[in-house]
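# Secondary and tertiary structure notes
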Amino acid sequence: MRTNLNDYITLGRSGLRVSPLCLGTMTFGTEWGWGAEEKTAREVFDRYVDAGGNFIDTADLYTEGHSEDLLGKFISDRGVRDRVVLATKFTFNGDAGNPNAGGNGRKNIYRALEGSLRRLQTDYIDLYWLHAWDTVTPVEEVISTLNDLVRGGKIRHYGFSDTPAWYVARAQTLAEKEGKERLVALQLEYSLVERNIEREHIPAAQELGLGITPWSPLAGGFLSGKYRRQENTGVGEGRLEKTKDNPAFNQFSDRNWGILDELVTVANEISKSPAQVALNWVATQPGITSTIIGATKMAQLEDNLKSIEFEIPAELRKRLDDLSALEPAHPYKIFNPEMQGMMSGGTRVNPWLAARVYAPPSQQPLSVRAQAPKK
Ligand SMILES: NC(=O)c1ccc[n+]([C@@H]2O[C@H](COP(=O)([O-])OP(=O)(O)OC[C@H]3O[C@@H](n4cnc5c(N)ncnc54)[C@H](OP(=O)(O)O)[C@@H]3O)[C@@H](O)[C@H]2O)c1
């Protein structure tokens, strides 16, 4: 268990050392109606860096570019460009009517990168993310462009966010076979209420040497416990009140309220806040390297920074695991030890391998998780 921000860990199969909690800055700027003003954003940034944090996540279009502008200023004012691992993203389009001002084609990647470098006041990006699959660009064009940017010194590493696992596997395999720079990480939504990446992405990342950096580990604040169930409507103060009419962001389902109830009970039993327990659960799941936290207030950051300082007792963790487990689905439900026995002729299978491959990570016994070899 990593207990401090300066207890650095390498990201995927790379030499890049990052803090176990990454500072997300989608909330730097108020353009989207639920972020933090410059003064608070600067305090959050300073506190994270002072606590030993070195890993900062943004994107070219977060708060219409203001997030990158603010970060560029904060990093320059503190003189910490060399010390931080600065990550940003391309894909989304900020120029209506111009089809090549977005997407993952070569033309947009170069355009987007120039804008990010300017706003961030730097001449290189440490980790450049493809923000989301655009469904059209051939994977060869993406990895060849990113490979050239690494070799040209404009970026140090690259990874994919919000892409199908098959696309990731194809990219990594091609990069390896063609001697190109490989992906080092994946960025995906992961929390007690959103565990779908356990089916494909986590096993793929473990096989392909990719670190996972989960986003929305508190489901946008839902798992902090500050929202109240009232005929299935959230009542609370925060982002989710403002975004609840958008089905993509609405967290107020019966299933989620049930998981939150158990989370609050577990948190009370160990005298931690629900946010701390929810973040701890994500940060200590198999395959997770650095969890991206977000805060619009200093008190939230202070709360969240304490999330890696303890362990959730195994029996309480099991309660959270069981209640939030994924529904069985094809074909994953047939990859079970019974089926494996039918393949091995009843002979014993290495327990770590069997658990890793044939059970979703959250259903692996804790004893097996503890034995998992470090990448
Ligand atoms: N790749 C992608 O597609 C993608 C998508 C989304 C995010 N991200 C990245 O991931 C980062 C984190 O995402 P997220 O902001 O959605 O994470 P999150 O942890 O799920 O939600 C953070 C929000 O929850 C509330 N909160 C946080 N800590 C709290 C606490 N202790 N008590 C009460 N409320 C608390 C705050 O919002 P309120 O004050 O408004 O309640 C805060 O902004 C982003 O900044 C961004 O860098 C990436």
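The structure presented is a predicted model; accordingly, all values stated were derived computationally and were not measured.

## Some points on the domain arrangement of the chain
Partitioning the chain into structural domains gives domain 1 (9-322) and domain 2 (333-371). Relative to domain 2, the C-alpha centre of domain 1 lies at a distance of 30 Å.

## Some details on the packing of aromatic side chains
Under the criterion given, the structure shown has 16 aromatic pairs. Residues tryptophan 166 and tyrosine 167 carry aromatic rings whose centres are separated by 5.6 Å and whose planes lie at 85° to one another, so their mutual orientation is edge-to-face. Seen from their ring centres, tyrosine 190 and tryptophan 281 are 5.6 Å apart, and the 45° between their planes marks the pair as tilted. With tyrosine 190 in the loop between β8 (185-189) and α6 (201-208) and tryptophan 281 in helix α9 (residues 274-283), the pair connects residues that are 91 residues apart, well separated along the chain. Note on tyrosine 190: relative accessible area 0%, which makes it buried. In this structure tryptophan 281 comes out as buried when scored by relative accessible area, which is 0%. Aromatic ring contacts, followed pair by pair, group Trp133, Tyr158, Phe160, Trp166 and Tyr167 into a single cluster. The ring of tyrosine 124 is capped by arginine 81, whose NZ or CZ atom sits 4.0 Å from the centre of that ring. For arginine 156, the ring lying beneath its charged end belongs to tyrosine 124, and the centroid distance is 4.0 Å.

## Some words on unusual backbone geometry
With an omega of 0°, the peptide bond between histidine 330 and proline 331 qualifies as cis. For proline 331, the position within the fold is in the loop between α11 (314-324) and α12 (337-343). The phi dihedral of threonine 91 falls on the positive side, at around 145°, and the residue is not glycine. Examined against the element boundaries, threonine 91 turns out to sit in the loop between β5 (85-90) and α3 (106-119). Among the residues examined, threonine 91 registers a relative accessible area of 7% and is labelled buried. Here glutamine 121, not a glycine, exhibits a phi torsion of approximately 55°, which is positive. Mapping glutamine 121 onto the fold places it in the loop between α3 and β6 (125-130). By relative accessible area, glutamine 121 is classed as partly exposed at 48%.

## Concerning the site of the ligand
The immediate surroundings of the ligand are formed by 31 residues, with Asp57, Asp162, Ser216, Lys226 and Thr296 found nearest. One of the side-chain nitrogen or oxygen atoms of glutamine 187 is found 3.1 Å away from a nitrogen atom of the ligand. Relative to its unbound accessible surface of 910 Å², the ligand loses 94% to contact with the protein. Broken down by class, the residue content of the shell around the ligand amounts to 10 nonpolar, 15 polar and 6 charged.

## Considering the nonpolar core
Residues Leu146, Phe160 and Leu223 are the most contacted members of the largest nonpolar core, which totals 96 residues. Among the elements that take part in this core, α9 stands out by supplying 7 residues, more than any other. With sequence-adjacent residues up to four places away left out, leucine 223 is seen in contact with Ser191, Leu192, Val193, Pro217, Leu218, Leu260, Leu263, Pro274, Ala275 and Ala278.

## Topic: the sheet that holds β5
Overall, parallel pairing links the 8 strands, which are arranged β9-β8-β7-β6-β5-β4-β3-β12 in an open sheet. Pairing within the sheet leaves two strands with one partner each, and these edge strands are β9 (211-215) and β12 (291-293). Between one strand and the next, the sheet's axes are offset by a mean angle of 30°, whatever the strand orientation. Inspection of the sheet shows β6 paired to strand β7 (residues 155-161) by 5 bridges, in the parallel sense. If you follow leucine 130 over to β7, its bridge partner there is phenylalanine 160. The sheet strands contacting α3 are β5, β6 and β7, and the helix crosses β6 at an angle near 135°. The strands touched by helix α4 (residues 139-151) within the sheet are β5, β6 and β7, with β7 carrying the most contacts at an inclination of about 155°.

## Quick notes on the pattern of salt bridges
On inspection of all chains with the given rule, the structure shows 20 salt bridges. In this structure, the salt-bridge partner of glutamate 38 is lysine 73, at a minimum N-O distance of 2.8 Å. Placement of glutamate 38 in helix α1 (residues 38-50) and of lysine 73 in helix α2 (residues 66-78) is noted, with a sequence separation of 35 residues between them. Overall, the relative accessible area of 32% leaves lysine 73 in the partly exposed class. For aspartate 46, the salt bridge identified is with arginine 78, shortest N-O distance 3.1 Å. Highlighted residues: aspartate 46 in helix α1 and arginine 78 in helix α2, separated in sequence by 32 residues. Among the residues examined, arginine 78 registers a relative accessible area of 33% and is labelled partly exposed. Counted as one network, the salt bridges with shared partners bring together Asp46, Asp50 and Arg78.

Reading the values: rules and limits
Residues numbered from 1 in each chain as written. Predicted model: local features only at pLDDT ≥ 70, side-chain atom pairs only at ≥ 80, totals over all residues. Heavy atoms only, no water. Domains from an automatic or database assignment. Phe/Tyr/Trp six-rings, centres within 6.5 Å; stacked < 30°, edge-to-face > 60°. Helix = DSSP H or I, 4+ residues; strand = E, 2+ residues; numbered from the N terminus. Buried < 20%, exposed > 50% of the residue type's maximum accessible area, 1.4 Å probe, protein only. Lys NZ or Arg CZ within 6 Å of the ring centre and 35° of its normal. Near = heavy atom within 4 Å. Polar contact = N/O pair within 3.5 Å; in protein donor to acceptor, adjacent residues only side chain to side chain. Areas by Shrake-Rupley, 256 points an atom, 1.4 Å probe, with all protein chains shown as cover. Nonpolar A, V, L, I, M, F, W, Y, C, P; charged D, E, K, R; others polar. Core = buried A, V, L, I, M, F, W, Y, C linked by side-chain atoms within 4.5 Å. Contact = heavy atoms within 4.5 Å. Pairing = 2+ DSSP bridges. Axes fitted to C-alpha atoms, helices over the stretch in contact; angles between N-to-C directions. Salt bridge = Lys/Arg side-chain N within 4 Å of Asp/Glu carboxyl O.

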